[in-house]
Amino acid sequence: MQISLTNRSILLAHLAQLVSVIIISVGFMVQKSLVREFAAPTILLWQFLGASLVMWLICLVRHYHRTVSRRFAFILLWGGMAPGLVMIFTIYGGARTDGVSLAVMWGLLPLLVPVLGFLLLNEKAHWSLALGAAIGFAGLIVLSLSREAAGTGSMAGNALVLLAVLCASFSQIVGRRMNRGAIPWFQVATLQVTGALIAIIGLSLATGTFTLLPLTLPLQGVAMAYLVLVMTVLNYALFNYALRHLPVAWVSIYVALNPAFGTLAAIVILDAQPRPLDWIGIAIIISGVTLPHIHALLRRRSR
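I will try to describe carefully the structure that is included in this document. Keep in mind that what you see is a predicted model, and the values were worked out from it rather than measured. Throughout this description, residue numbers start from 1 for each chain and increase along the sequence as written. Per-residue local features are limited, in this predicted model, to residues with pLDDT of at least 70; the limit for side-chain atom pairs, both in listing and counting, is 80 or more; totals at the level of whole chains, interfaces and linings are taken over all residues. To obtain the side-chain values, all non-hydrogen atoms of the structure were included, while hydrogens and water were left out.

### Here's the deal with the overall build of the protein
In step 1: Secondary structure elements are defined from DSSP: runs of H or I of at least 4 residues count as helices, runs of E of at least 2 residues count as strands, and each element is numbered from the N terminus. Secondary structure summary: the protein contains 12 helices and zero strands in total.
In step 2: In sequence order, the secondary structure elements of the protein are arranged as α-α-α-α-α-α-α-α-α-α-α-α.
In step 3: Atoms counted for the radius of gyration: C-alpha only. Globule rule: 2.2 Å times the number of residues to the power 0.38. On C-alpha atoms alone, the protein measures out to a radius of gyration of 19 Å, which is about the 19 Å that the 2.2 N^0.38 rule sets for 303 residues.
In step 4: For the C-alpha atoms alone, the extent of the protein along its principal axes is close to 60 × 55 × 35 Å.
In step 5: Any residue under 20% of the maximum accessible area for its type is buried, any over 50% is exposed, and the rest in between are partly exposed; the area is computed with a 1.4 Å probe on protein chains only. Counting across all 303 residues of the protein, residues that qualify as buried make up 53%.
In step 6: In what follows, residue pairs with any heavy atoms lying within 4.5 Å of each other are defined as contacts. Intrachain contacts of the protein at a sequence separation of at least 6 include 91% that bridge at least 24 residues.
In step 7: Note on areas: these come from Shrake-Rupley sampling with a 1.4 Å probe, and a residue is covered only by the protein chains present in the view. Carbon and sulfur atoms make up 71% of the accessible area of the protein, which totals about 13,900 Å².
In step 8: Positive charge is attributed to Lys and Arg, negative charge to Asp and Glu, and no charge count is given to His or to the chain ends. Positions of charges follow a simple convention, taking NZ of Lys, CZ of Arg, CG of Asp or CD of Glu. Of note, the protein has its 19 positive side-chain charges centred 22 Å away from the centre of its 6 negative side-chain charges.

Given below as C-alpha cells:
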C-alpha cells in the first residue's frame, strides 16, 4: 500500500518530534554538567552563537528568502521567548536542582499546551490525548513524590524550571502560527534560534559574562559540540518541521517523555541514582504517551 505525500509528512513529523524530545532531554543534562565548570550565560552564548552561524550558512546555501518582512520580527521575538527565556530559566534552575527533578518538571507541558491550543488556535484535542496527558501527569506526581522522599531538588530551582515550561507552552502555540506561513520551516527555525541569541547576548552583557569558553578537556568539547549542532541546530529544525505538520496537542504529548529520557540521561551523564518509585513513574508516563497512538492505530484498522 502506497503512503500519500501528506501521510508521509505526518509520519515524519511524529518521528521528528520524538527525536527532538530525546535530543533536548539529553541536552538539558549536558548543560547541567557544564554549569559545574562555566557560567550559565557563557554556555548559552556560545551554544546559540555557533548554532546561528551554522543555520544561516545553510539558509544561504539553500537560497531561502532574503527579503526582510514583518513576520521575521515576530519570529525573532518568539525566539527570544523560546528557546531564549526557556534556556535561561532552565539552565539557572537546573544548576539549583537535581537532574531528575529537572526532567520531571517538563512533564507538565503536555497538560498546558492542548488547553492553550484550544483557546488560542481552536484546535480540538481528541479525548485520547487528554487521557494520555492525564496518565502522564499521574506518572509525574509519582516521580515528584519519589524525589521529595529522596530529599533532592530545590524549590527555587524547580520554580525557574516551571517558568521555562510555561514559556515553552506558549512557544508551541506561537510556533504553530509561525509555521503556517510561506516562510520555509528551516528558516523559521533559524530566525527562532537567532532571536534566542539576541536575548542571551542581552543576558551576557547584563551579567558581565561575555567571555570566551575555555574548553580544557576533550569531553567538554564534545559536550559543547552536542549543544551547538544537535541540541540547537538539529533539534529546532526537527521541532519546526513537526509544528508545520502536526497540531500542537500532538507535538506536546511527546514532551511527556522528557522525564523518562531525562532521567536516563541524568543516570549516564550526571551519575544520578533513581529510586524504584522513579521507574514506576517513568512507566506510567510512557503508557500515557503511547495511549493516543494505540487508539489512532486501532481506529485506522477498524475502518
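### Structural notes on the nonpolar core
In step 1: In this text, buried Ala, Val, Leu, Ile, Met, Phe, Trp, Tyr and Cys residues form a nonpolar core when linked through side-chain atoms within 4.5 Å. Membership of the largest hydrophobic core comes to 90 residues, with the highest contact counts inside it found for Phe 48, Met 87, Trp 106, Leu 227 and Met 231.
In step 2: Residues contacting Met 87, with those up to four places away along its chain left out, are Ile 24, Phe 28, Gln 31, Leu 44, Phe 48, Met 231 and Tyr 236.

### As for unusual backbone geometry
In step 1: Backbone torsion omega between Ala 82 and Pro 83 reads 20°, so that peptide bond is classified as cis.
In step 2: Along the chain, Pro 83 falls in helix α3 (residues 70–96).
In step 3: Located in the positive-phi region is Asp 271, a residue other than glycine, with phi close to 60°.
In step 4: Residue placement: Asp 271 occurs in the loop between α11 (258–270) and α12 (276–302).
In step 5: With a relative accessible area of 58%, Asp 271 lands in the exposed category.

### Some thoughts on the environment of Leu 246
In step 1: Its location among the elements puts Leu 246 in the loop between α9 (218–245) and α10 (248–253).
In step 2: Taking the relative accessible area as the measure of exposure, Leu 246 reaches 3% and is therefore buried.
In step 3: A C-alpha to C-alpha distance of 20 Å links Leu 246 and Gly 136, two positions 110 residues apart in sequence.

### Focus on the packing of helix α8 (residues 185–207) against α9
In step 1: α9 packs onto α8 with a crossing angle of 125° between their chain directions and a minimal axis gap of 8 Å. Classed by the angle they form, the pair α8 and α9 counts as oblique. The hand of the α8/α9 crossing is right-handed. Every residue of α9 that contacts α8 at Trp 185, Phe 186, Val 188, Ala 189, Gln 192 and Val 193 is listed here: Thr 232, Tyr 236, Ala 237, Phe 239, Asn 240, Tyr 241 and Arg 244.
In step 2: Polarity classes work like this: nonpolar for Ala, Val, Leu, Ile, Met, Phe, Trp, Tyr, Cys and Pro, charged for Asp, Glu, Lys and Arg, and polar for all others, with Gly in that last group. Classifying every residue of the contact of α8 with α9 by side-chain character gives nine nonpolar, three polar and one charged. Note on method: axes are straight lines fitted to C-alpha atoms, helices fitted across the in-contact stretch only, with angles between N-to-C directions ranging 0 to 180 degrees. Throughout, the term roughly parallel applies to angles under 35 degrees, roughly antiparallel to angles over 145, roughly perpendicular to angles from 65 to 115, and oblique to all others. Crossing handedness: left-handed means the near helix sits turned counterclockwise from the far one by under a right angle, and right-handed means the same turn made clockwise.

### Overview of the packing of aromatic side chains
In step 1: Here the aromatic set is Phe, Tyr and Trp, taking the six-membered ring for Trp, and pairing holds for ring centres within 6.5 Å; pairs whose planes are under 30 degrees apart are stacked, those over 60 apart are edge-to-face, and all others are tilted. Following the criterion strictly, the structure yields four aromatic pairs and no others.
In step 2: A centroid spacing of 5.3 Å and a plane angle of 25° characterise the contact between Phe 28 and Trp 106, whose relative ring orientation is stacked. Of the two residues, Phe 28 is situated in helix α1 (residues 5–35) and Trp 106 in the loop between α4 (99–105) and α5 (109–121); the sequence distance between them amounts to 78 residues. Of the two residues, Phe 28 and Trp 106, both sit in the buried class.
In step 3: A centroid spacing of 5.2 Å and a plane angle of 75° characterise the contact between Trp 185 and Tyr 241, whose relative ring orientation is edge-to-face. Residue Trp 185 is found in helix α8, and its partner Tyr 241 is found in helix α9; the two are separated by 56 residues along the sequence.

### Here's the deal with helix α2 (residues 40–61)
Residues lying three or four places apart along an α-helix face the same way, a consequence of the helix completing one turn every 3.6 residues.
In step 1: Helix span is expected to be 1.5 Å times the residue number reduced by one. Helix length check: α2, at 22 residues, gives a terminal C-alpha distance of 32 Å against a target of 32 Å (1.5 Å per residue), a fit within 8%.
In step 2: Three or more residues of α2 are buried, namely Ala 40, Pro 41, Thr 42, Ile 43, Leu 44, Leu 45, Gln 47, Phe 48, Ala 51, Ser 52, Met 55 and Cys 59.
In step 3: Positioned one or two residues after α2, His 63 has a phi angle of 55°, which is positive.

### Topic: the environment of Gly 208
In step 1: Positionally, Gly 208 belongs in the loop between α8 and α9.
In step 2: Taking C-alpha positions, Gly 208 is 9.7 Å from Thr 42, a pair spaced 166 residues apart along the chain.

### Points about the side chain of Asn 258
In step 1: Note on placement: Asn 258 falls in helix α11.
In step 2: Not counting residues up to four positions away in its chain, the partners in contact with Asn 258 are Val 21, Ile 24, Ser 25, Phe 28, Ala 103, Trp 106 and Thr 263.

### Details of a nonpolar patch on the surface
In step 1: By definition, no residue in a patch forms a salt bridge, and every one has over 30% relative accessible area; like charges are joined within 9 Å, nonpolar side chains (Val, Leu, Ile, Met, Phe, Trp, Tyr) within 5 Å. Should a side-chain nitrogen of Lys or Arg be within 4 Å of a carboxyl oxygen of Asp or Glu, the pair is scored as a salt bridge. Together, Val 115, Phe 118, Leu 119, Leu 120 and Phe 170 line one region of the surface with nonpolar side chains, adding up to about 490 Å² of accessible area.
In step 2: Examining the composition of the nonpolar patch, we find that four residues originate from one element, α5, more than from any other.
In step 3: When you line up the elements, Val 115 lands in helix α5.
In step 4: Accessibility expressed as a relative area gives 48% for Val 115, which makes it partly exposed.

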